[in-house]
Structure formats: C-alpha cells, structure tokens
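Structural overview
Next come the chains, spelled out residue by residue.
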Amino acid sequence: MENRSGETIRFGSCYCRAVAFRVTGQPLRVGICHCADCRKTSGSAFSAYAVWPISALEQSGQVSTYGNRSFCVTCGSRVTFVRDDEAEVMLGSLDVVPSDLAPEYELWTGRRENWLHPLPEAQQFEHDRDTAAEPEPPETEQPERPPTLETEVPRPTELVRPA
C-alpha cells in the first residue's frame, strides 16, 4: 500500500492482533541475526527483521518491554525492538507475506546452524555490523543484556512438561 506521497506503508500486528503497527517508507536495512538473544527471543534458529527510523513507526495496543524488545501483553508475540532512533520490526509480524524485503546482511554467522547456508546476496558478519571492523571479542564475552534475577528463571527441576 502507498500513501498520497507515494511512500510504501506496511502493516503488521502481534498474533492476537491486540497490538498493531504500521511503518512508512523503505527500511534503512533488512537483516538476519543468529545471536543467542535473537534465537532465544524468537524461539527459532535466527531472527529476520527490518529496521526503520523511529519516526516511521506508528503502534497501537498495550506492550511490555524487556531488553528494548516489545511484546504483546496478551499473546506474548514480539512486536518491535526500539533503540536510539530506530525501530526493528520482525518480518514475520508483517501482514503481507511474502514481503518484498530481502535480507542484505547476516549477523553472528558463527552461531548459524550447520544446516543453514549463507544467503548468497547478503553480506556476512561474524558478530555485529558496527563491530565488524574491530577486533573480535574473546569467546567468553556475551552480548550485553539486562540483569535477570535468578528467582525469575525456573530451575530445570521446577520445569513442567506440557500435557
């Protein structure tokens, strides 16, 4: 869809549609990330997303946020990741599928599953894009994340398998 000035408008929502959003114009960039945080928050082997200027995002509905990642308080679906002046939108949350957005780069490729192949047209980064030119951090270093209280995460013996 296009607005009166010819800019592309894309709509999206969470799973239950309680949170809806739209982004106007073309994204700044489109990527795939294989880092541990993206794997955990998506529940998948990677996350596919597009990044727009924050001014291009309009959102309605109630969200909660953890580590800059917003999610629907009703269904728990990830909606946006907002930082500084940018908004990251998960490609899977867009209403029109398949979209015309193709990843231009892949991040944290060292964590890519063996059965996934590099995207031939995408630039590859061992870590983050902005740190690609810097020396690689030691293996023990983890991406920065908000502190979590140990009591918030159940111990393996406290986990219950779904029936």
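The rules behind the values
- Sequence order sets the numbering: in each chain, residues are counted from 1 along the sequence as written.
- Only residues with pLDDT of at least 70 are given local features in this predicted model, and only at 80 or more are side-chain atom pairs given and counted; all residues enter the totals for whole chains, interfaces and linings.
- Side-chain numbers here rest on the full set of heavy atoms in the structure, without hydrogens or water.
- Helix and strand definitions follow DSSP, with helices as H or I runs of at least four residues and strands as E runs of at least two, each counted in order from the N terminus.
- Here's how the labels work: a residue is buried when its accessible area is under 20% of the maximum for its type, exposed when over 50%, partly exposed in between, all with a 1.4 Å probe on protein chains only.
- Throughout, a residue-residue contact means that at least one pair of heavy atoms, one from each residue, lies within 4.5 Å.
- Only the protein chains shown count as covering a residue, and every accessible area follows the Shrake-Rupley method with a 1.4 Å probe.
- Only strands that DSSP links by at least two bridges are regarded as paired with each other.
- As used in this record, nonpolar core signifies buried Ala, Val, Leu, Ile, Met, Phe, Trp, Tyr and Cys residues forming a set joined through side-chain atoms within 4.5 Å.
- The pLDDT score gives, residue by residue, the confidence of the prediction method on a 0 to 100 scale.

1. Remarks on the overall build of the protein
A tally of helices and strands in the protein yields one helix and 11 strands. Out of the 163 residues belonging to the protein, those deemed buried represent 34%. Sequence-distant contacts, at least 24 apart, represent 53% of the contacts inside the protein between residues at least 6 apart. For the protein, the accessible surface area stands at approximately 10900 Å², while carbon and sulfur atoms represent 52% of it.

2. Observations regarding the sheet that holds strand β8 (residues 78–83)
Taken in spatial order, the eight strands make up an open sheet running β6-β7-β8-β9-β4-β3-β10-β11, and their pairing is mixed. The outermost strands of the open sheet, each flanked by one partner alone, are β6 (63–66) and β11 (123–124). One ladder, built from five bridges, connects strand β3 (residues 29–33) with strand β4 (residues 47–53); its direction is antiparallel. Bridge pairing links Cys33 to Ser47 in β4.

3. Re the nonpolar core
Membership of the largest hydrophobic core comes to 16 residues, with the highest contact counts inside it found for Phe21, Ala50, Trp52, Val89, Leu91, Leu94 and Leu101. For this core, the secondary-structure elements that each account for two or more residues are β2 (20–24), β4 and β9 (86–90). Apart from the residues lying within four places of it in its own chain, the contact partners of Leu94 are Arg10, Phe11, Gly12, Phe21, Val89 and Leu101. Judged by nonpolar contacts, the second largest core, of 10 residues, contains Cys33, Met90, Tyr105 and Trp108.

4. Some remarks on the confidence of the model for the protein
Segments scoring low in pLDDT should not have their predicted coordinates read at a detailed level. When pLDDT is averaged along the protein, the result is 80, and 77% of the positions lie at 70 or above. Confidence drops under pLDDT 50 across residues 131–143; counting only partners more than four residues distant or on other chains, this segment forms seven contacts. Contacts for the low-pLDDT stretch residues 145–163, under 50 throughout, to residues beyond four places or in other chains number eight contacts.

5. Considerations on unusual backbone geometry
The backbone of Asn68 shows a phi angle near 70°, a positive value even though the residue is not glycine. At Trp108, a position not held by glycine, the phi torsion is positive, near 50°. Take Trp108: it is sitting in the loop between β10 (105–107) and β11. On the accessibility criterion, Trp108 (11% relative accessible area) is buried.

6. As for the environment of Ser55
Here Ser55 shows up in the loop between β4 and β5 (57–60). Residues Ser55 and Ala87 lie 32 residues apart in sequence; the distance between their C-alpha atoms is 8.6 Å.

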